[in-house]
Amino acid sequence: MNPALETLKERGFLQQCTDVEALSGLMDQGPVTFYVGCDPTFHSLHIGHMVPFFAFRHLMSYGHRGIALIGGGTARIGDPSGKTEMRKMLSYEDLDRNADSISAQLDRFLGFNEKTALTDNNKNWLASLNYIDFLRDIGRHFSVNRMLSFEAYRMRMETGLSFIEFNYQLLQSYDFLELYRRHGCRLQIGGDDQWGNIVAGMELIRRVEGAEAFGLTFPLVTTSDGKKMGKTEKGALFLDPAITSPYDFFQYWRNVTDQDVLRFLLMFTFLPAEECRALVAPGKNVNEAKERLAYEITALIHGAAEADKALAGAKAAFGGGGDKSAMPTAELPRARFEAGYPVLDLFVDAGLASSKSEARRLVQQGGAVVVDKAWGDEKAPVGPEFLDAEGELVLRAGKKRFVRVVSS
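Criteria and thresholds
- Residues numbered from 1 in each chain as written.
- Predicted model: local features only at pLDDT ≥ 70, side-chain atom pairs only at ≥ 80, totals over all residues.
- Heavy atoms only, no water.
- Helix = DSSP H or I, 4+ residues; strand = E, 2+ residues; numbered from the N terminus.
- Contact = heavy atoms within 4.5 Å.
- Areas by Shrake-Rupley, 256 points an atom, 1.4 Å probe, with all protein chains shown as cover.
- Lys, Arg positive; Asp, Glu negative; His and termini not counted.
- Charge placed at Lys NZ, Arg CZ, Asp CG, Glu CD.
- Pairing = 2+ DSSP bridges.
- Salt bridge = Lys/Arg side-chain N within 4 Å of Asp/Glu carboxyl O.
- Buried < 20%, exposed > 50% of the residue type's maximum accessible area, 1.4 Å probe, protein only.
- Polar contact = N/O pair within 3.5 Å; in protein donor to acceptor, adjacent residues only side chain to side chain.
- Axes fitted to C-alpha atoms, helices over the stretch in contact; angles between N-to-C directions.
- Parallel < 35°, antiparallel > 145°, perpendicular 65-115°, else oblique.
- Left-handed = near helix turned anticlockwise from the far one by under 90°.
- Nonpolar A, V, L, I, M, F, W, Y, C, P; charged D, E, K, R; others polar.
- Phe/Tyr/Trp six-rings, centres within 6.5 Å; stacked < 30°, edge-to-face > 60°.
- Lys NZ or Arg CZ within 6 Å of the ring centre and 35° of its normal.

Draft legend 1. Molecular detail of the overall build of the chain. Each helix and strand counted, the chain has 19 helices and 13 strands in total. Seen through its principal axes, the chain has C-alpha atoms that stretch 80 × 45 × 35 Å. For the chain, restricting intrachain contacts to residue pairs at least 6 apart in sequence, the fraction spanning at least 24 positions comes to 71%. Summed over all atoms, the accessible surface of the chain reaches about 18,900 Å², with 49% contributed by carbon and sulfur. Charged side chains in the chain number 47 positive and 53 negative. The centres of these two groups are separated by 2 Å.

Okay, here's the thing in structure tokens:
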């Protein structure tokens, strides 16, 4: 097997390939141009979107040429794959803003140099399509029976598939054809839920251009307990630090289960595979491996400076030294403590509970901790005696969520 594909296989990326032997042979002949698409349905990617882009960087490291395709055109319709209902329609202006934001995130991760890594937007060719010509030239190559055999459409037939969504596979296939014509693209990569769309595009290139193209998919990553990877108590693990802070991002990876550490080290870092395995070898401290995982991926997404701060904040929160100023911080009036800060209000104001009822449950279950003291009385206020010499205290919700409170 070609070394690039061998690396993807070793690190857990390979799920399905349309013809792995032929693709391996093509890669042996020289650099292959490939692409992965991403629709700008929100202004930030989350970690689940990033699996193909980690693979993108591995392929780049072997000299192959990648295209990150922003779906400014396809997002106007919405992909039914993996969805139980139709996506909310966004304005074209919102989609353009989202596309710019996502492109900037990918540029920071991939480094678009227009040689081995470039980006494009499919609205450049989809927005001006003539519908009659498109049906005549492209639609005639698609079998409805064949389309309905794919899992994405079969699932949606049970809940209702709109005609506009039914066109999505044609448009994504046309993307592959356009990228083949414009850039010589021979390979599409993506999550395994895109298998049907990828195969359709590959077949369209064969029918229209008489050329061989390939598809390669990656597993949809879940944690060892079957949950969707990257889901937190606050929702998805977004790359935008305004939604998911670098500290919370770090803590997610620091708190993964022991069973997931090696798999995530291989997929979400660029440490050599041998080093990943050595970190979790028998006799090793698995918490050190988790800390290394958290640091490496936080540095990749947010930069080394933010990873250093998150690491220092985590050490401070969990009693291992470190810099308390790097912890998530809430500034609250000292006068509230002087008057006796109602503990339920305190946890809500500090951002550790979304409502008083949630704070009350936290107290009743023994999960509300004020300066290492489990708070058992929801009516007892928190006074100024809990503030240290700098006018600070640390709150904890459960075992893993900390906030440094600074009074002013």
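Draft legend 2. The arrangement of the sheet that holds strand β4 (residues 117-121) in detail. An order of β1-β6-β5-β2-β3-β4 is seen for the six strands of this open sheet, with the pairing classed as mixed. Each edge of the sheet is formed by a strand with only one pairing partner; in this case those strands are β1 (16-17) and β4. Judged from the five bridges that link them, strand β3 (residues 65-70) and β4 form a sheet pairing that is parallel. Each residue of the ladder has a partner; that of Ile70, found in β4, is Asn121.

Draft legend 3. Focus on the pattern of salt bridges. Counted according to the given criterion, the structure contains 17 salt bridges. Here Arg97 makes a salt bridge to Asp94, at a shortest N to O gap of 2.3 Å. Of the two residues, Arg97 and Asp94 are both situated in helix α4 (residues 92-110); the distance of three residues between them amounts to about one turn of the helix. On the basis of relative accessibility, which here comes to 53%, the residue Arg97 falls in the exposed class. Across the salt bridge formed by Asp345 and Lys356, the nearest N and O atoms sit 3.2 Å from each other. Of this pair, Asp345 sits in helix α18 (residues 343-349) while Lys356 is found in helix α19 (residues 356-364), placing the two residues eleven residues apart along the sequence. Asp345 gets classed as buried once you look at its relative accessible area, which sits at 17%.

Draft legend 4. Region of the structure containing the side chain of Asp39. Its place among the elements puts Asp39 in the loop between β2 (33-38) and α3 (51-61). On the accessibility criterion, Asp39 (16% relative accessible area) is buried. Of the polar contacts made by the side chain of Asp39, one reaches the side chain of Thr74; its length is 2.8 Å.

Draft legend 5. Quick look at the packing of helix α10 (residues 168-183) against helix α11 (residues 195-209). Contact pair α10 / α11: the axes reach a minimum separation of 8 Å and the direction vectors enclose 55°. If you check the angle between α10 and α11, you find them oblique. Note on packing geometry: the crossing formed by α10 with α11 is right-handed. For the pair α10 and α11, contact is made by Tyr168, Gln169, Gln172, Ser173, Tyr174, Phe176, Leu177, Tyr180 and Arg181 and by Gly196, Asn197, Ile198, Ala200, Gly201, Met202, Leu204, Ile205, Val208 and Glu209, respectively. Classifying every residue of the contact of α10 with α11 by side-chain character gives eleven nonpolar, six polar and two charged.

Draft legend 6. Local environment of the packing of helix α15 (residues 286-302) against helix α16 (residues 304-317). Relative orientation of the contacting elements α15 and α16 amounts to 145°, with a least axis distance of 7 Å. The way α15 lies across α16 gives a crossing that is right-handed. Residues Glu291, Tyr295, Thr298, Ala299 and His302 of α15 form the contact with α16, whose own contacting residues are Ala304, Glu306, Ala307, Asp308, Leu311 and Lys315. For the contact of α15 with α16, the class distribution of residues is five nonpolar, two polar and four charged.

Draft legend 7. Spotlight on the side chain of Gln105. Among the structural elements, Gln105 can be located in helix α4. A distance of 3.1 Å separates polar atoms of two side chains, one belonging to Gln105 and the other to Ser44. Each residue touching Gln105, except ones within four places of it in the same chain, is listed here: His43, Ser44, Leu45, Leu239 and Asp240.

Draft legend 8. Representation of the packing of aromatic side chains. Inspection of every chain in the model, using the stated rule, returns 16 aromatic pairs. Ring geometry for Phe53 versus Phe56: centroids 6.3 Å apart, planes at 35°, classification tilted. Here the residue Phe53 and the residue Phe56 both occupy positions in helix α3, the gap between them amounting to three residues, near one helical turn. Grouped by ring-pair contacts, the aromatic residues Phe54, Phe109, Phe249, Tyr252, Trp253, Phe264, Phe268 and Phe270 constitute a single cluster. Seen from the ring of Phe109, Arg57 lies directly overhead, with NZ or CZ sitting 4.9 Å from the centre. Just above the ring of Tyr92 sits the side chain of Arg76; from NZ or CZ to the centre is 3.7 Å.

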